[in-house]
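# Remarks on the overall topology
Spelled out, the chains give:
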Amino acid sequence: MPVLTPLEREALHLSLLVSGWAVAGSLPPGLLAAWVLARLRFPGKTLLDGLIHLPLVLPPVVVGYALLVLLGLNGPIGARLHAWFGITLAFTWKGAAVASAVVAFPLMVRAMRLSLESVDSGLEQAARTLGCGPLRTFFTVTLPLVLPGVLTGAILGFARSLSEFGATITFVSDIPGETRTLPIALYALIQTPDGDAAAARLCVISIVVALAALLASDLLARRLKRQLGG
Amino acid sequence: MLEIAVRRRQGAFQLEVDLATGAGVTALFGPSGSGKTSLANMVAGLARPDQGRITLDGRPLFDGAARLDLPPERRRIGYVFQEGRLFPHLSVRSNLIFGQRRVPAAERAVPFDDVVAVLGIEALLERRPARLSGGEKQRVAIGRALLTSPRLLLMDEPLAALDAARKAEILPFIAALSRHFATPILYVSHSMDEVLQLADSLVLLQNGQVAAHGPVEELLARPDLAPLTGRGHAGAVLRATVTAHDDAAGVTRLAFAGGPLLVARAPLTPGQSVRVRIAARDVSLALDPPGRVSIQNCLPASVVRVGPAEDGLVDVLLDCGGARLWSQITPLARDRLHLRPGQPLHALIKAATIAAGDIAAKEGAMPCASPSPRRT
């Protein structure tokens, strides 16, 4: 892509990498959480619901700081991750993906939960009488029916990850080529004298990426809807 | 053989059922709120009794005392729901084989092509459920349940959401099913018309309890059950055979235990076994055979019982050559004729009052005489 400068290409690549992994990583646990909230009744459900939604209402900087404390090299989880698996999250792009995933998680859960709640449980009962156990019923009936909701959740999460700034810069800082995603590169440019033109270009790139994601999801959603015969 | 002995409390409603049903079609009849669907759900494993026992062909499905509760997928019971419940994301073909694929090949007793042919759904196989009519959906739902080769087929008001024309389209299919595939059917309904056309035996449910259980004709002949079965229906179902048509006269001749019976010309085949409904209000009584009247059926009968006056009318139970007939008359008529049990008289029935809708093609014999099932 000759139209992009190396710096822009790097930021775009990092943004897509971080957001992609953030969505991929939080989709399965997000679906599980959505299912638990939509289908189960248990004491403490409200508390769990609140905990899941916490990143949505907390300032991202707080989330980033919490991640730093927990997952940093000296944190209770971060130290073990490093010692046992050799994984370092702080100040790496993987840490940026974790920060994006945590912030995007409640949005994804909300979309998928709504979709799960709208699935007619009668269809699941029908699948049971047709010989499917609960797990097979979920994968052959429930999941295909909530695919539009899962897609919506994924797109929301992806968009939220693309725009993630506060938690990311707090947790993994601004390291060119490692954690300098589009918003962070933009922020760095604004801080630089004579960076206005370059900043404007980054803005355009951000808009194009966000629009492309929205259009793609709309196209996919339409195809899914057609498959459901609606 | 399905044996049920369960209790379940739902709020203020108490369901307490002790019941054993056999082959053929058993109708579960009762007003809404009588516990029909709850009972069907408990048999299917979708609802859990508080206590009791359910066995199918000797195999326990639920046993409260033994803490046994087979999940629905291990009960081998087909369920046709009122609303069809087809999977919207799958084609008709995929819906049909959805359950069949879960059955081990050796236990698949119901061939796919057979079901598709009997239900007449060949042309629909590649469609999505959203593009089916209500009647088509229900036929596919029936096929889907049948293809699991169930040991019992539950049908919960499968026709309730359909208009009269669609009902008439599907009823014959259901009537053919139990015989064709040798699958006992438990048919939940609140329509006596459907019961008459389909059922071999009848379970009357009221307030969560079995009010009566027995052959359809027998229960409908019991005056004490009239409030449950509907007064107009009571005592009014006969088994008969079509003997001939007389097109010039515009009548069809039937034969039943009490003699010949003329009805308005009906689309039936001579030799066919039918159930005939004769509304009690259409039966008049005469002590002597009348002379020249328009009423074509004058059947010798005797009074079995004269009921008390209810709602200004008296129900009279008649024996007509072994068959039970009902007549609804005014207290005035009762007093003028001095009706008493054992009294011989004549039952008068206008041929024109028995229309095609009162006659249901129904195999006269119970399952022992049914044709051998096509199993491959």
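Residues numbered from 1 in each chain as written. Chains lettered and ligands numbered in written order. Predicted model: local features only at pLDDT ≥ 70, side-chain atom pairs only at ≥ 80, totals over all residues. Heavy atoms only, no water.

### A few points about the overall build of chain A
- Each helix and strand counted, chain A has 10 helices and 0 strands in total.
- Listed N to C, the secondary structure of chain A is α-α-α-α-α-α-α-α-α-α in terms of helices and strands.
- Seen along its three principal axes, the alpha-carbon backbone of chain A occupies a region of about 70 × 45 × 30 Å.
- Among the 230 residues that make up chain A, the fraction classed as buried is 43%.
- Mean positive and mean negative side-chain charge positions of chain A (17 and 12 charges, respectively) differ by 12 Å. (Helix = DSSP H or I, 4+ residues; strand = E, 2+ residues; numbered from the N terminus. Buried < 20%, exposed > 50% of the residue type's maximum accessible area, 1.4 Å probe, protein only. Lys, Arg positive; Asp, Glu negative; His and termini not counted. Charge placed at Lys NZ, Arg CZ, Asp CG, Glu CD.)

### Quick look at the sheet that holds strand E19 (residues 323-329) of chain B
Residue and element names in this part refer to chain B.
- A sheet is described by the order of its strands in space; here 5 strands give the open sequence E16-E20-E17-E18-E19, paired in antiparallel fashion. Of all strands in the sheet, those with a lone pairing partner are strand E16 (283-286) and E19, marking the two edges. The mean angle between the axes of side-by-side strands here comes to 45 degrees, regardless of whether they run parallel or antiparallel.
- Two strands pair when backbone bridges link them, and strand E18 (residues 313-320) and E19 are joined in this way by 7 bridges, in the antiparallel orientation. (Pairing = 2+ DSSP bridges. Axes fitted to C-alpha atoms, helices over the stretch in contact; angles between N-to-C directions.)

### Thoughts on the pattern of salt bridges
Residues and elements named next belong to chain A.
- Applying the stated criterion to the full structure yields 22 salt bridges over all chains.
- A salt bridge links Arg-113 to Asp-49; the shortest N-O distance between them is 3.2 Å. Of the two residues, Arg-113 sits in helix H5 (residues 93-117) while Asp-49 sits in helix H2 (residues 45-57), which places them 64 residues apart along the sequence. As far as burial versus exposure is concerned, Arg-113 and Asp-49 are alike and both buried.
- Shared partners join several salt bridges into a network, and the residues in it are Asp-49, Arg-113 and Glu-117. (Salt bridge = Lys/Arg side-chain N within 4 Å of Asp/Glu carboxyl O.)

### Some remarks on the interface of chain B and chain A
- Each partner contributes residues to the interface: chain B has 20 residues there, and chain A has 20 residues.
- Carbon and sulfur atoms supply 66% of the area that chain B and chain A bury against each other, a total of about 1800 Å² over both sides.
- When the buried area of chain B at its contact with chain A is split by residue, Glu-73, His-89 and Arg-102 of chain B rank highest and sum to 32% of it.
- One salt bridge in this structure joins Arg-128 of chain A and Glu-73 of chain B, with 2.7 Å as the shortest N-O distance.
- Between the two partners, chain B and chain A, sit 4 residue pairs in polar contact (both at pLDDT 80 or more).
- Elements that contribute at least two residues to the side of chain B that touches chain A include exactly strand E7 (77-80), helix H2 (92-100) and helix H4 (134-146) of chain B.
- For the side of chain B that touches chain A, the per-class residue count stands at 12 nonpolar, 3 polar and 5 charged. (Contact = heavy atoms within 4.5 Å. Buried area = accessible area lost by both parts, 1.4 Å probe. Polar contact = N/O pair within 3.5 Å; in protein donor to acceptor, adjacent residues only side chain to side chain. Nonpolar A, V, L, I, M, F, W, Y, C, P; charged D, E, K, R; others polar.)

### Concerning the pairing of strand E14 (residues 259-264) of chain B
- In terms of strand pairing, strand E13 (residues 251-256) of chain B meets E14 of chain B through 6 bridges, oriented antiparallel. For Ala-255 of chain B, the partnering residue across the bridge sits in E14 of chain B and is Pro-260 of chain B.

### A look at the pairing of strand E1 (residues 2-10) of chain B
Residues and elements named next belong to chain B.
- Inspection of the sheet shows E1 paired to strand E4 (residues 51-56) by 6 bridges, in the antiparallel sense. From the neighbouring strand, Arg-7 faces E4, where its bridge partner is Gln-51.
- Strand direction decides the pairing type here: E1 and strand E2 (residues 13-21), joined by 9 bridges, are antiparallel. Looking at E2, one finds that Ala-5 is bridged to Asp-18.

### A short note on unusual backbone geometry
- Positive phi is not limited to glycine here, since Phe-91 of chain A has a value of about 60 degrees.
- Positive phi is not limited to glycine here, since Arg-85 of chain B has a value of about 55 degrees.
- Looking at the secondary structure, you find Arg-85 of chain B in the loop between E7 and H2.

### Looking at the environment of Thr-37 of chain B
Residue and element names in this part refer to chain B.
- Checked against the element boundaries, Thr-37 lands in helix H1 (residues 36-44).
- The sequence separation of Thr-37 and Phe-81 amounts to 44 residues, and the corresponding C-alpha distance is 9.8 Å.
- Setting aside anything within four residues of it in sequence, one finds Thr-37 in contact with Tyr-79 and Asp-156.

### A look at the confidence of the model for chain B
Residue and element names in this part refer to chain B.
- Residues of chain B with pLDDT of at least 70 account for 94%, and the chain-wide mean is 86.
- The low-confidence segment residues 364-376 (pLDDT under 50) makes 21 contacts with residues lying over four places distant or belonging to another chain.
- Reported confidence for the predicted complex is 0.79 by ipTM and 0.78 by pTM. (pLDDT = per-residue confidence, 0-100.)

### Here we look at the sheet that holds E13 of chain B
All names here are of chain B.
- An order of E14-E13-E12-E15-E21 is seen for the 5 strands of this open sheet, with the pairing classed as antiparallel. In the strand order of this sheet, the two ends are held by E14 and strand E21 (359-361), each with one partner. Here the strands of the sheet are splayed against their neighbours by 40 degrees on average, with no regard to which way each runs.
- By the bridge criterion, 5 bridges tie strand E12 (residues 237-246) to strand E15 (residues 273-277) in an arrangement that is antiparallel. When the bridges of E15 are listed, Thr-241 appears paired with Ser-273.

### Digging into H1 of chain B
Residues and elements named next belong to chain B.
- Most of H1 is tucked away: 8 of the 9 residues are buried.
- Within the span of H1, buried status applies to Lys-36, Ser-38, Leu-39, Ala-40, Asn-41, Met-42, Val-43 and Ala-44.
- Looking at the residues trailing H1, positive phi occurs at Gly-45, about 95 degrees.

### A look at the packing of aromatic side chains
Residue and element names in this part refer to chain B.
- Here the structure, examined in full by the defined rule, presents 4 aromatic pairs over all chains.
- Geometry around Phe-81 places Arg-85 over its ring, the cationic atom sitting 3.9 Å from the centre.
- When the ring centre of Phe-87 is taken as origin, the NZ or CZ atom of Arg-144, which lies over that ring, is 4.7 Å away. (Phe/Tyr/Trp six-rings, centres within 6.5 Å; stacked < 30°, edge-to-face > 60°. Lys NZ or Arg CZ within 6 Å of the ring centre and 35° of its normal.)

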